[in-house]
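What follows is each chain in one-letter form.
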Amino acid sequence: MSIYAIGDIQGCFDELLQLLDTISFNEHTDQLWFAGDLVNRGPKSLETLRFIKSLGDSAVTVLGNHDLHLLAASCAPKIAHKKDSLLPILEAPDSDELIDWLRHRPLFHFNEDFCLIHAGLPPQWDFKKTKKMALLAEQALQGPKYEAFLKQMYGNKPNIWSSDLKRVDKLRFIINCFTRMRYCDVNGRLDFVHSGPIGSQPKSLMPWFDVPKRKSADMRIIFGHWSALGYYEGPNCYAIDTGCLWGGQLTALKLGEQVQRFSIDCPEAKKPRKNNLAVTG
């Protein structure tokens, strides 16, 4: 079985199909790992969601910030922004089924060789802690009080890890790490202002994967979310959001001892613009 990890799609369904044709994906023998942000801003979020759901065990996806935004909008439609492209999903006859499926996707996926997240990890978390924190938030998302949780997840505080955080604050921090994190300081204090390429940030900040003595440094981590970073391959980390939505590329990595990269150009997608600072950024 071949495993391919694919970067942020954000509703660019036609480009996804083109990429799958490029890698000769076989749903009976291969598996796809999606790095989150399946939906929003692109033209075909509904088609994307339906297709990936239809793949069953041949597809694994972790949740991204745009996926969580869809879940929140399904509970409180006023949360959706005017520029969102989520309305077709919310008004679809199979909306409840799609939302329930998405709500039960993980924040963290792994096998013996690779780990998959959407955004980042704080330097205090090792593999065991990462699994525990992901499970805690997943239980909140999948539990009977998930609507209340989704309404409380927005916010930039707390921005640094502490085991003493209250439950709501802890869950918000967990969500922000897994789905929004890019830069932080040497202590792991999250920054939600800067999202540009490496070198554009203040000297006090660094990419989360460059923090000295990061406890997850021994994990081979694949992540998306950071389109301004583009494709990046560093020690035990692979960034695969290559800006399909913004006219860049859609990227797949064939996972193995030697990682192989496949990308297609997406010239018809949107032009770049600044990410906003909310959970939907």
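A few words on the overall build of the protein. Across its full length, the protein holds 8 helices and 13 strands. Radius of gyration (C-alpha) of the protein: 17 Å, near the 19 Å computed for a compact globule of 281 residues. Counting across all 281 residues of the protein, residues that qualify as buried make up 57%. Counted over contacts in the protein with a minimum sequence separation of 6, partners at least 24 positions apart contribute 67%. For the protein, the computed accessible surface area is about 12600 Å², with 49% contributed by carbon and sulfur atoms.

Ordered in space as β4-β5-β9-β11-β10, the 5 strands form an open sheet in which the pairing is mixed. Of all the strands in the sheet, just β4 (109-110) and β10 (232-234) have a single pairing partner and so form its edges. Pairing of strand β9 (residues 221-223) with strand β11 (residues 237-239) involves 3 bridges; the strand directions are parallel. Looking across to β11, one finds that isoleucine 221 is bridged to cysteine 237.

For the structure shown, the criterion picks out 6 salt bridges. Put simply, lysine 44 and aspartate 14 hold a salt bridge, and the shortest N to O gap is 3.0 Å. One end of the pair, lysine 44, is in the loop between β2 (30-34) and α2 (45-54); the other, aspartate 14, is in helix α1 (residues 13-22), and 30 residues separate them in sequence. What makes aspartate 14 partly exposed here is its relative accessible area of 42%.

At a minimum axis distance of 9 Å, the contact between α1 and α2 shows a crossing angle of 40°. As judged from the angle between their axes, α1 and α2 are oblique. Where α1 approaches α2, its residues Phe13, Leu16, Leu17 and Leu20 are matched on the opposing element by Glu47, Thr48, Phe51 and Ile52. Each residue belonging to the contact of α1 with α2 can be placed in one class, and the counts come to 6 nonpolar, 1 polar and 1 charged.

Before going further, it helps to examine the pairing of strand β13 (residues 260-265). Each regular strand displays side chains that alternate between the two surfaces of the sheet. As defined by bridge partners, strand β12 (residues 249-254) adjoins β13 across 6 bridges and the pair is classed as antiparallel. If you follow glutamine 249 over to β13, its bridge partner there is aspartate 265. Joining the antiparallel neighbours β12 and β13 is a turn of 5 residues.

Quick look at the environment of aspartate 210 now. Counting through the fold element by element, aspartate 210 comes out in the loop between β8 (206-207) and β9. For aspartate 210, a relative accessible area of 40% puts it in the partly exposed group. When the C-alpha atoms of aspartate 210 and phenylalanine 173 are compared, they prove to be 20 Å apart, with 37 residues separating the residues in sequence.

Let us look at the packing of helix α6 (residues 127-142) against helix α8 (residues 167-180). Interhelical geometry of α6 versus α8 gives an angle of 110° and a closest axis separation of 10 Å. Taken as axis vectors, α6 and α8 run roughly perpendicular relative to one another. The element α6 and its partner α8 pack so that their crossing is left-handed. Of the residues in α8, those touching α6 at Thr130, Met133, Ala134, Leu136, Ala137, Ala140 and Leu141 are Arg167, Lys170, Leu171, Ile174, Ile175 and Phe178. When its residues are assigned to classes, the contact of α6 with α8 shows 10 nonpolar, 1 polar and 2 charged.

Thresholds, definitions, all that
Residues numbered from 1 in each chain as written. Predicted model: local features only at pLDDT ≥ 70, side-chain atom pairs only at ≥ 80, totals over all residues. Heavy atoms only, no water. Helix = DSSP H or I, 4+ residues; strand = E, 2+ residues; numbered from the N terminus. Rg over C-alpha atoms; globule rule 2.2 N^0.38 Å. Buried < 20%, exposed > 50% of the residue type's maximum accessible area, 1.4 Å probe, protein only. Contact = heavy atoms within 4.5 Å. Areas by Shrake-Rupley, 256 points an atom, 1.4 Å probe, with all protein chains shown as cover. Pairing = 2+ DSSP bridges. Salt bridge = Lys/Arg side-chain N within 4 Å of Asp/Glu carboxyl O. Axes fitted to C-alpha atoms, helices over the stretch in contact; angles between N-to-C directions. Parallel < 35°, antiparallel > 145°, perpendicular 65-115°, else oblique. Nonpolar A, V, L, I, M, F, W, Y, C, P; charged D, E, K, R; others polar. Left-handed = near helix turned anticlockwise from the far one by under 90°.

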